[in-house]
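In case you want the letters, here they are:
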Amino acid sequence: MTDNAFNFQTLNPDIIMDALFDCGIRVDSGLTALNSYENRVYQFMDEDRKRYVVKFYRPHRWSDAQIEEEHRFTLSLQDEGIPVVAPLLFSGQSLIQHEGFRYAVFPSAGGRQYENDNPDQMESVGYALGRIHQTGRKAPFIHRPSFDLHTWLAEPLEQYHQATLIPASLKEAFLAAVCDLSEAVTAHWFTDYTAIRLHGDCHPGNILWRDGPVFVDFDDARSGPAIQDIWMLLNGDRTEQRLQLEMIVEAYEAFCSFDTRELALIEPLRAMRMIYYLAWQLKRWEDPAFPRSFPWLQEEDFWRRQTAVFIEQKKVLQEPPLQLTPMY
């Protein structure tokens, strides 16, 4: 069965309720679907008015061993007192199966959106990331993947070649832009960084704010350079990004050393994400949720703009990387 062959059409409320009942949880509210494309995620309340979130994993994306390894990582962070949302255990198990579906249950974590232009919040996030990476360095992932050029560049390029959504009149120029950007990334990529266990998708939407930051959704956890969990938190022009970077790294280093050589990977990682993310949308197109959420993929103007974006990102890669202000 291919990734696109399964689109959760058989996952109905009765199956969800029965799965939760198997865990000893009686749902006493409706199921509120949360924003998730890879998986199907629902919030609900039980009979005691406690709020939970249940995540049903997309078949064929991760193996059981990979999901369980992600869970063990977040549980170890939780054990260290680090503010993360980890899965609940039922008879010692975090990954459960029902009617062919794999799922996990989490406590519902309320909070405000993290403000990525708030200096106090940035500093707190830097401290928390330092603690996360301090734990991430203690042991490697065995089953989870790493950041590598094949997964993030070569496989997406193959997806683009096969894609029928790209207008034929624009496809040659688009593929040329992807190839040029991929070559530029490859030229700037290096692998002699210290690979550690990462959140992997640490953008502001995966950080809630209560009395401090709470990190959620470790679904993309993998091994890679520490800068991967930092660069997506930077915004604004180059000067603003440098100031944010310095604030985050200064707090980060209270718990974990930071290799400044990894600053040269920020724009390659950004380019890799751009290439990979668009190919992922094409790969999942047969899931009905994707045409509803990304209708612009069917428009010629989108592909013209995306070609221009890739060409511009190649130019960015030729610029000097962000640098921290020297400390004397």
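The following paragraphs examine the structure supplied in this document. (Residues numbered from 1 in each chain as written. Predicted model: local features only at pLDDT ≥ 70, side-chain atom pairs only at ≥ 80, totals over all residues. Heavy atoms only, no water.)

1. Digging into the overall build of the chain
Then comes step 1: Regarding its fold elements, the chain presents 10 helices and 10 strands.
Then comes step 2: Scaling as 2.2 N^0.38, a compact globule of 328 residues should have a C-alpha radius of gyration of about 20 Å, and the chain matches this with 21 Å.
Then comes step 3: With the principal axes as the frame, the chain shows a C-alpha extent of 55 × 55 × 35 Å.
Then comes step 4: Classification of the 328 residues of the chain by burial places 52% in the buried group.
Then comes step 5: Charge separation in the chain, taken as the distance between the mean sites of 31 positive and 48 negative side-chain charges, equals 1 Å. (Helix = DSSP H or I, 4+ residues; strand = E, 2+ residues; numbered from the N terminus. Rg over C-alpha atoms; globule rule 2.2 N^0.38 Å. Buried < 20%, exposed > 50% of the residue type's maximum accessible area, 1.4 Å probe, protein only. Lys, Arg positive; Asp, Glu negative; His and termini not counted. Charge placed at Lys NZ, Arg CZ, Asp CG, Glu CD.)

2. Some words on empty space enclosed by the protein
Then comes step 1: Across all of its chains, the model carries 1 cavity of 30 Å³ or more by this definition.
Then comes step 2: Of the voids in this model, the largest cavity is the one considered here, and its volume is about 30 Å³.
Then comes step 3: Of all elements in the fold, only helix 6 (228-231) and helix 8 (266-283) reach the threshold of two or more residues within the lining of the largest cavity. (1 Å grid on protein atoms, 1.4 Å probe; cavity = no way out; pocket = protein on both sides within 12 Å on 5 of 7 lines; lining within 4 Å. Points joined across faces, edges and corners; volume = space filled by probe spheres on them.)

3. Remarks on the packing of aromatic side chains
Then comes step 1: With the rule as written, the count across this model stands at 22 aromatic pairs.
Then comes step 2: Between the aromatic rings of Phe-174 and Trp-303, the centroid separation amounts to 5.1 Å while the plane-to-plane angle is 90°, which identifies the pairing as edge-to-face. Of this pair, Phe-174 sits in helix 5 (residues 168-188) while Trp-303 sits in helix 10 (residues 300-317), and the two are 129 residues apart along the sequence. The pair Phe-174 / Trp-303 is uniform in exposure class, with both members buried.
Then comes step 3: Ring centres 6.4 Å apart and planes at 75° place the aromatic pair Trp-280 and Phe-294 in the edge-to-face group. Of this pair, Trp-280 sits in helix 8 while Phe-294 sits in the loop between helix 9 (289-293) and helix 10, and the two are 14 residues apart along the sequence.
Then comes step 4: Taking relative accessible area as the criterion, Trp-280 reaches 12% and is therefore assigned buried.
Then comes step 5: The structure contains a cluster of three or more aromatic residues connected by ring pairs, namely Tyr-37, Tyr-277, Trp-280, Phe-290, Phe-294 and Trp-296.
Then comes step 6: In this structure, Arg-197 packs its charged tip against the face of Phe-141, placed 5.9 Å from the ring centre.
Then comes step 7: Just above the ring of Phe-147 sits the side chain of Arg-222; from NZ or CZ to the centre is 5.5 Å. (Phe/Tyr/Trp six-rings, centres within 6.5 Å; stacked < 30°, edge-to-face > 60°. Lys NZ or Arg CZ within 6 Å of the ring centre and 35° of its normal.)

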